[in-house]
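So you can see what is in the structure, the chains are spelled out below.
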Amino acid sequence: PIQDLLEYLYKGGNKVSQGKYIVIEGDEGSGKGTQVEQLERHLAHAGIYCELVREPGGDPVAEQLREILKFSEHEIVPLAEVFGFLMARVQVLELVVKPLLAEGTWVLSDRSTLSTIVYQGVMRGLIEQNSEGFLAACQLAQLVEPDLLR
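This report concerns the structure included in the present document. Within any chain, residue numbers begin from 1 and follow the written order of that chain's sequence. Only residues with pLDDT of at least 70 are given local features in this predicted model, and only at 80 or more are side-chain atom pairs given and counted; all residues enter the totals for whole chains, interfaces and linings. With hydrogens and water set aside, each side-chain value is computed from the structure's full complement of heavy atoms.

To continue, consider the overall build of the chain. Secondary structure summary: the chain contains six helices and four strands in total. Here a helix means four or more residues in a row that DSSP labels H or I, a strand means two or more in a row labelled E, and each is numbered from the N terminus. Each helix (α) and strand (β) of the chain, taken in turn from the N terminus, gives the series α-β-α-β-α-α-β-α-α-β. In terms of overall dimensions, the chain is globule-like: its C-alpha atoms have a radius of gyration of 16 Å, near the 15 Å expected for 150 residues. Think of it in three bands: with a 1.4 Å probe and only protein chains considered, a residue is buried below 20% of the maximum accessible area for its type, exposed above 50%, and partly exposed in between. The proportion of buried residues among the 150 residues of the chain is 40%. Atoms considered for the radius of gyration are the C-alpha atoms alone. The globule rule reads 2.2 Å times the number of residues to the power 0.38.

It is worth spelling out helix H6 (residues 126-141) at this point. The end-to-end C-alpha distance of H6 is 16 Å, clearly below the 22 Å that 16 residues give at a rise of 1.5 Å each. Two axes are fitted around each residue, one to the seven residues ending there and one to the seven starting there, and the angle between them is reported as the bend at that residue. Maximum bend of H6: about 80°, positioned at Glu-132. Among all positions of H6, only Leu-126, Phe-134, Cys-138 and Ala-141 are buried. On the buried face of H6, the contacting elements are helix H4 (78-102) and helix H5 (113-123). What a helix is expected to span follows from its residue count: subtract one and scale by 1.5 Å. The contact criterion used throughout is that any non-hydrogen atoms of two residues lie within 4.5 Å.

Along strand S3 (residues 106-109), one buried face is formed by Trp-106 and Leu-108 and the opposite face, lined by Val-107 and Ser-109, is buried too. When DSSP finds two or more bridges between a pair of strands, those strands are recorded as paired. Pairing of strand S1 (residues 21-23) with S3, which is carried by three bridges, proceeds in the parallel orientation. When the bridges of S3 are listed, Ile-22 appears paired with Leu-108.

Before going further, it helps to examine the packing of helix H3 (residues 60-71) against H4. Orientation is described by axes fitted as lines to C-alpha atoms, over the contacting stretch for helices, and by angles from 0 to 180 degrees between their N-to-C directions. One way to put it is that H3 packs onto H4 with a least axis distance of 8 Å and a crossing angle of 160°. Here H3 is positioned roughly antiparallel relative to H4, judged by the angle of their axes. The two elements H3 and H4 cross, and the hand of that crossing is left-handed. Across the interface between the two elements, Val-61, Ala-62, Leu-65 and Leu-69 of H3 pack against Glu-81, Gly-84, Phe-85, Met-87, Ala-88 and Gln-91 of H4. Throughout, the ten residues Ala, Val, Leu, Ile, Met, Phe, Trp, Tyr, Cys and Pro are labelled nonpolar, Asp, Glu, Lys and Arg are labelled charged, and all others, Gly among them, are labelled polar. A per-class count over the contact of H3 with H4 returns seven nonpolar, two polar and one charged. An angle below 35 degrees is read as roughly parallel, one above 145 as roughly antiparallel, one from 65 to 115 as roughly perpendicular, and any other as oblique. Here a crossing is called left-handed whenever its near helix is offset anticlockwise from the far helix by less than a right angle, and right-handed whenever the offset is clockwise.

Printed below as a string of structure tokens:
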């Protein structure tokens, strides 16, 4: 429930005025977007302003990458695909998420690094080819660690 989430995020003297980065992960069609929207409504009701971001996407360059990655008529090989997702992530984290957190805004996202590990790493086989390099690239692109990952 939302109360448990708020208590968790306020532990240790955290204040509402401090920005929080919350990521909701899950399979395709599992309701991530719905959960993010419901969480946003609950937080707004509690007086906490939030911004929603999506991955890939969230800024103009990341949105262009999203179009290419999701709707290209041409084959994108797995290694190129993962770099596209990581590039989009770095864009939105650096240019959108970090500034919002710095001004005290809570940021909600419907996916992040875990999705890349599952979809590109496991399902596209990159983790089998070079798990150490793949995981290092994912970690390098995670410029902001979520305060909560569900």
